[in-house]
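Analysis of the macromolecular model
Chain by chain, the residues:
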Amino acid sequence: EDMAAHVGASRTPQEVMEHYVSMYIHGNLGKACIPDTIPNRVTDHTCPSGGPLSPSLTTPLPPLDISVAEQQQLGYMPLRDDYEIEYDQDAETLISGLSVNYDDDDVEIELKRAHVDMYVRKLKERQRRKNIARDYNLVPAFLGKDKKDKEKAPKRKITKEEKELRLKLRPLYQFMSCKEFEDFFENMHKERMLRAKIRELQRYRRNGITKMEESAEYEAARHKREKRKENKNIAGSKRGKEDGKEGEFAAIENLPGFELLSDREKVLCSSLNLSPARYVTVKTIIIKDHLQKRQGIPSKSRLPSYLDKVLKKRILNFLTESGWISRDAS
């Protein structure tokens, strides 16, 4: 517009611009002076992503979508994506008094660099905490908005084992985003379901079933068979009560090895909720080790994994009182 006014009223600003472009940029003068490809002579001195000068350090996140009242409650400034009270509020005091002096010696220069490095680390930590708060929706959780979202989209029920696994893997949260971690556990759940399905299909195959239609019939027959067995056990326990046994050994009398036990051993297994076969195994190992020690032979037997300290102590006391092993051995 200024050039059009300088030329005079005979030319409009648009005509002046078109004349300049056609004559001086795309014309002979432009072709002679302006090369087709302009090399980039500027050297990029910034550090890679995550470095002290990288844009990722100070690039603001998108502002939070919250109301004015909630912004006041948090002390949040949306246009700056800052809070009135930041993490490590006094971090700026590290560099606020620094100045570059030409008469500084090497020690003073290194000290000032160390202060700047400490300040940059604190800025990184601020940004990291903001990223984590956004990634895991900590602000909506603080404001109570996440409860409404949970009601809208019900998730699958998390088992006790998965909760324990999540607690064990909690230190890894800082290396993965929220979505990556949720996908990780969803894939683990899917893997468990697939393994269970594979085991079920393998069981069908072992029983001679080759078609899915036959599996329904097999499951119905298996359910009836288990029901008959359960009814038989209930009837047996009722007979025991009628015979005056009061069902004392109802839990173990149908298990293998029950007929090998004495009355006192039956009482012990019933009180310890230990199957007769397992008790006989432990008893055999303990007596064998005792006899080897008496002969001076070192025992190398390993007790089963299901035998904890309490069970072992109770069984040792019982065998000692019964005279199977000596008291000093126990």
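Treat the numbers as computed from the prediction; the structure is a model and nothing was measured. (Residues numbered from 1 in each chain as written. Predicted model: local features only at pLDDT ≥ 70, side-chain atom pairs only at ≥ 80, totals over all residues. Heavy atoms only, no water.)

Now for the pattern of salt bridges. According to the stated counting rule, one finds 19 salt bridges in the structure shown. Residues K130 and D82 are paired through a salt bridge, measuring 3.0 Å at the closest nitrogen-oxygen approach. With K130 in helix α6 (residues 106-135) and D82 in strand β2 (residues 82-83), the pair connects residues that are 48 residues apart, well separated along the chain. Using a relative accessible area of 14% as the deciding quantity, one classes K130 as buried. (Salt bridge = Lys/Arg side-chain N within 4 Å of Asp/Glu carboxyl O. Helix = DSSP H or I, 4+ residues; strand = E, 2+ residues; numbered from the N terminus. Buried < 20%, exposed > 50% of the residue type's maximum accessible area, 1.4 Å probe, protein only.)

Mapped onto the elements, S215 comes out in helix α11 (residues 212-242). Sequence-distant contacts of S215, that is, excluding residues within four places in its chain, are made with Y204 and I209. (Contact = heavy atoms within 4.5 Å.)

We now examine unusual backbone geometry. The backbone phi angle of D88 is positive, close to 55°, even though this residue is not glycine. Here D88 lies in the loop between β2 and α6.

What follows is about the packing of helix α12 (residues 263-272) against helix α13 (residues 276-294). Close contact between α12 and α13 brings their axes to 10 Å; oriented N to C, the two are set at 110°. Considered as vectors, α12 and α13 are oriented roughly perpendicular to each other. Considering how the two elements wind past one another, α12 and α13 form a crossing that is right-handed. Contacts between α12 and α13 involve E265, L268 and C269 from the first element and P276, Y279 and K283 from the second. (Axes fitted to C-alpha atoms, helices over the stretch in contact; angles between N-to-C directions. Parallel < 35°, antiparallel > 145°, perpendicular 65-115°, else oblique. Left-handed = near helix turned anticlockwise from the far one by under 90°.)

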